[in-house]
Amino acid sequence: MPSNYRSFRKSVPWLILFLETVFIILFYFLVPRYGYDAFIRNISYTDFQDVNNMVIFGFGFFLAFLKRYSFSSTGFNLLIIVLGVQCSILMEGLLFLKDPNERDPKIITMAAVSMTAVAISSGAVLGKTNPLQLIVMTVVEIIIFHVSRWINKRFLQVQDNISMKHVHLFGAYFGLAVSSRFSEPSPRSEKNASTPKSDLLSMLGTLFLWVFWPSFNSVLADRDKTKAIYNTYFALAVSAVTAFTLSVLTTKDGKFRMIHVHSAALAGGVTVCYTAESIDYPWIAMILGLLASVITILGSFCLQRCLSPALKIHDTSGVHFTFGLPGLLGAVAQVVLSVIKKWTVLPSLGYMVMIYIGAFCLTISVALITGFITG
């Protein structure tokens, strides 16, 4: 954590105890109101286990690439995840369980999925924030994310599982907005340095995320889970292969750069998230994986040299081109594929397109505005 942070013992433990006390009190009043069955019925432990492994192991090691923050980032990730899941369940209960007929039997699994947004955002401010700031950011972000979902459902009539798919977009742009309020560390500072050991831990996190990403996308599917698993795997496979290819083509010495694989191997899974259950042919998923990997590597090349210096936004782990840009590509692909599929239903086509576009534009706008205020 930053060297000017002096009052760790005086503030962080008491904030954690205060939040945990508030959560326990709210659970005491909330659970009897809706019934414990609303939270625990028909839970698929396999789905929950895979998502939980992703957010704990995957993102914990994924963010461990900095020399000074390799172990602390893993520990802080566990802290914010376990606090955030409790807050997420409470927000689900307050906003989405008012009607007994709309109770979600996967509430704890979806709470773990929503923590992906916080894990992504923390990657943008890694090394620049202390634990107190990370905890505050976690609570604020998870509340705003669920409010954004509620707005999408209440005013745009977007289904819960579709609004949850905006988790990558929200996390990336919320984190970038928060990061804009922090100064960039010196290029020669140890805060920007990595070691072979920290890079290895980070690549291990990428492998965890890569392996469990089909489960992540299939959890969000409400119709054909098997198709979502296959399409996600095809997209991930092609994005990983493309990452190795572009790494050789874009380096001066013509060698592999694991930083490219670290960023682009997951891009296919992020992009295909919106359409994983609706793609009827594997070659479509493979094309999306290829485009996602291309936009990730070329985006990192262009953004780091052109856009970031102009906007003065320091994105520590590159969440913009790892999750933000592939998420945008996936949202656009959802609109395009929906238009192709429902071309014959012209009366409702325009309305559907505007709903899809409005949903992800609203999500990005809310993330940027509230992230800037939070920062």
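Going by the structure above, here's the rest.
Owing to the predicted nature of the structure, the values given are computational and were not obtained by experimental measurement.

Cut-offs and rules
Residues numbered from 1 in each chain as written. Predicted model: local features only at pLDDT ≥ 70, side-chain atom pairs only at ≥ 80, totals over all residues. Heavy atoms only, no water. Helix = DSSP H or I, 4+ residues; strand = E, 2+ residues; numbered from the N terminus. Buried < 20%, exposed > 50% of the residue type's maximum accessible area, 1.4 Å probe, protein only. Areas by Shrake-Rupley, 256 points an atom, 1.4 Å probe, with all protein chains shown as cover. Axes fitted to C-alpha atoms, helices over the stretch in contact; angles between N-to-C directions. Left-handed = near helix turned anticlockwise from the far one by under 90°. Contact = heavy atoms within 4.5 Å. Nonpolar A, V, L, I, M, F, W, Y, C, P; charged D, E, K, R; others polar. Patch = residues over 30% accessible without salt bridge, like charges linked within 9 Å, V, L, I, M, F, W, Y side chains within 5 Å. Salt bridge = Lys/Arg side-chain N within 4 Å of Asp/Glu carboxyl O. Expected span 1.5 Å × (residues − 1). Bend = angle between axes of the 7 residues up to and from the residue. Core = buried A, V, L, I, M, F, W, Y, C linked by side-chain atoms within 4.5 Å. Phe/Tyr/Trp six-rings, centres within 6.5 Å; stacked < 30°, edge-to-face > 60°. Lys NZ or Arg CZ within 6 Å of the ring centre and 35° of its normal. Parallel < 35°, antiparallel > 145°, perpendicular 65-115°, else oblique.

Turning our attention to the overall build of the protein. For the protein, the helix and strand inventory stands at 15 helices and zero strands. Across the 375 residues that make up the protein, the buried fraction comes to 53%. Of the roughly 17,300 Å² that the protein leaves accessible, carbon and sulfur atoms contribute 68%.

The angle between the axes and the distance between the axes are what describe a pair of packed helices. At their nearest, the axes of helix α9 (residues 196-219) and helix α10 (residues 225-250) sit 8 Å apart, and the two run at 145° to each other. Here α9 runs over α10; the crossing is right-handed. From α9, Trp210, Trp213, Pro214, Asn217, Ser218 and Val219 reach across to α10, where they touch Lys225, Ala228, Ile229, Thr232, Tyr233, Leu236, Ala237 and Ala240. In the contact of α9 with α10, the residues fall into ten nonpolar, three polar and one charged.

We now examine a nonpolar patch on the surface. A surface patch of nonpolar side chains, amounting to about 590 Å² of accessible area, comprises Tyr281, Trp283, Met286, Ile287, Leu290 and Leu291. Counting through the fold element by element, Ile287 comes out in helix α13 (residues 282-311). Judged by relative accessible area, Ile287 falls into the partly exposed class, the value being 44%.

For α9, with 24 residues, the first-to-last C-alpha span of 34 Å sits near the 34 Å given by 1.5 Å per residue. Remark: the principal bend of α9, roughly 45°, maps to Phe212, with a proline, Pro214, within the next four residues.

Right, let's get into unusual backbone geometry. Residue Gln157 is not a glycine yet carries a positive backbone phi of 55°. As for its position among the elements, Gln157 is in the loop between α6 (131-156) and α7 (160-164). Overall, the relative accessible area of 58% leaves Gln157 in the exposed class.

Below, the discussion takes up helix α3 (residues 45-62). Taking 1.5 Å of rise per residue, the 18 residues of α3 would be expected to cover 26 Å, and the 24 Å separating its terminal C-alpha atoms lies within 8% of that figure. Along α3, the sharpest kink reaches roughly 30°, centred on Met54. Those residues of α3 lying buried are Asp47, Phe48, Asp50, Val51, Asn53, Met54, Val55, Gly58, Phe59, Gly60 and Phe62.

For the rest of this paragraph, the subject is the nonpolar core. Tyr173, Trp213 and Phe323 are the most contacted members of the largest nonpolar core, which has 77 residues in total. Per-element tally for this core: the top contributor is helix α5 (residues 107-124), with eleven residues. If near-sequence neighbours (up to four positions away) are discounted, Tyr173 is found in contact with His320, Gly324, Leu325, Leu328, Ile364, Ala367 and Leu368. Core analysis: the second largest hydrophobic core is formed by seven residues, Ala235, Ile279, Ala285 and Leu288 among them.

Going through the model one piece at a time under the given rule, you end up with six salt bridges. Notably, a salt bridge pairs Glu277 with Lys165, separated by 3.3 Å at the nearest N-O pair. Pair noted here: Glu277 is in the loop between α12 (267-271) and α13 and Lys165 is in the loop between α7 and α8 (167-179), with a separation of 112 residues, a long-range link. Lys227 is paired through a salt bridge with Asp280; the nearest N and O atoms lie 3.1 Å apart. Of the two residues, Lys227 is situated in helix α10 and Asp280 in the loop between α12 and α13; the sequence distance between them amounts to 53 residues. A residue is classified by how much of its surface remains accessible, and Lys227, at 26% relative accessible area, is partly exposed. On the basis of relative accessible area, Asp280 is assigned to the partly exposed category, the value being 43%. Via salt bridges that share partners, Lys227, Asp280 and Lys341 belong to a single interconnected network.

Turning our attention to the packing of aromatic side chains. Going through the model one piece at a time under the given rule, you end up with 15 aromatic pairs. On the numbers, 5.5 Å between centres and 15° between planes, the contact of Phe57 with Phe208 is stacked. On the criterion of sequence distance, the pair formed by Phe57 in helix α3 and Phe208 in helix α9 is long-range, its members being 151 residues apart. Centre to centre, the rings of Trp150 and Phe155 are 6.1 Å apart; their planes meet at 90°, and the pair counts as edge-to-face. The class for Trp150 is partly exposed, based on a relative accessible area of 30%. Note on Phe155: relative accessible area 57%, which makes it exposed. One aromatic cluster in this structure is built from Phe57, Phe61, Phe208 and Phe212. The residue whose ring lies beneath Arg154 is Phe155, and the NZ or CZ to ring-centre distance is 5.4 Å.

Where α5 meets α8, the axes come as close as 7 Å, and the angle between the chain directions of the two elements is 30°. In terms of orientation, α5 lies roughly parallel with respect to α8. For α5 against α8, the interelement crossing comes out right-handed. For the pair formed by α5 and α8, the contact residues are Val113, Ser114, Thr116, Ala117, Ile120, Ser121 and Ala124 on the first element and Val167, His168, Phe170, Gly171, Ala172, Phe174, Gly175, Leu176 and Ser179 on the second. Per-class residue counts for the contact of α5 with α8 are nine nonpolar, seven polar and no charged.

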